[in-house]
Amino acid sequence: MKIAILSDIHGNSYALSEVLEDTRARNVDAIINLGDSLYGPLNPADTWDMLNACRAINISGNEDRIILENLTKDSGNSTLEYVKSQLDDRITDWLRSLPFDMI
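Figured I'd write up the structure that's included with this text.

### Details of the nonpolar core
L38, I67, L87, W94 and L95 are the most contacted members of the largest nonpolar core, which totals 19 residues. Of all the secondary-structure elements, those providing two or more residues to this core are β1 (3-6), α1 (13-25), α2 (44-53), α4 (78-86) and α5 (89-97). Counting residues per element, this core draws most heavily on α5, which supplies three residues.

### Structural notes on the environment of K73
Relative to the elements of secondary structure, K73 occurs in the loop between α3 (62-69) and α4. The exposure class of K73 is partly exposed, given its relative accessible area of 47%.

### Some details on the packing of α2 against α5
It is the contact of α2 with α5, at a shortest axis distance of 11 Å, that shows an interaxial angle of 65°. Of the two elements, α2 crosses α5, and the hand of that crossing is left-handed. Across the interface between the two elements, A45, W48, D49 and L51 of α2 pack against R90, I91 and W94 of α5.

### As for a nonpolar patch on the surface
On the surface, M1, I3, I5 and L34 cluster together into a nonpolar patch covering about 460 Å² of accessible area. You can see I3 is positioned in strand β1.

Conventions and cut-offs
Residues numbered from 1 in each chain as written. Predicted model: local features only at pLDDT ≥ 70, side-chain atom pairs only at ≥ 80, totals over all residues. Heavy atoms only, no water. Core = buried A, V, L, I, M, F, W, Y, C linked by side-chain atoms within 4.5 Å. Buried < 20%, exposed > 50% of the residue type's maximum accessible area, 1.4 Å probe, protein only. Helix = DSSP H or I, 4+ residues; strand = E, 2+ residues; numbered from the N terminus. Axes fitted to C-alpha atoms, helices over the stretch in contact; angles between N-to-C directions. Left-handed = near helix turned anticlockwise from the far one by under 90°. Contact = heavy atoms within 4.5 Å. Patch = residues over 30% accessible without salt bridge, like charges linked within 9 Å, V, L, I, M, F, W, Y side chains within 5 Å. Areas by Shrake-Rupley, 256 points an atom, 1.4 Å probe, with all protein chains shown as cover. Salt bridge = Lys/Arg side-chain N within 4 Å of Asp/Glu carboxyl O.

Right, dumping it as structure tokens:
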């Protein structure tokens, strides 16, 4: 079984697209994403779409938890505020559903 392990995507859908293309070319059977998926200044919603479509196994990273902890307040951090503005209820529900580990 071929497994690809990803982490620290940080909303970079452009890089994720290339990585997912490589996993297809290598006939990877499963993708495990170790978190820190969406917190970044590029394309958090597109990144979520890609992770959702590829059926990756996802866990929550510390940056994913930071998003959730600051959903209802102004963080004073322009990147975090941008990320929050890009997320809808489907995505925040997904973040809430992520386990902290796969043990």
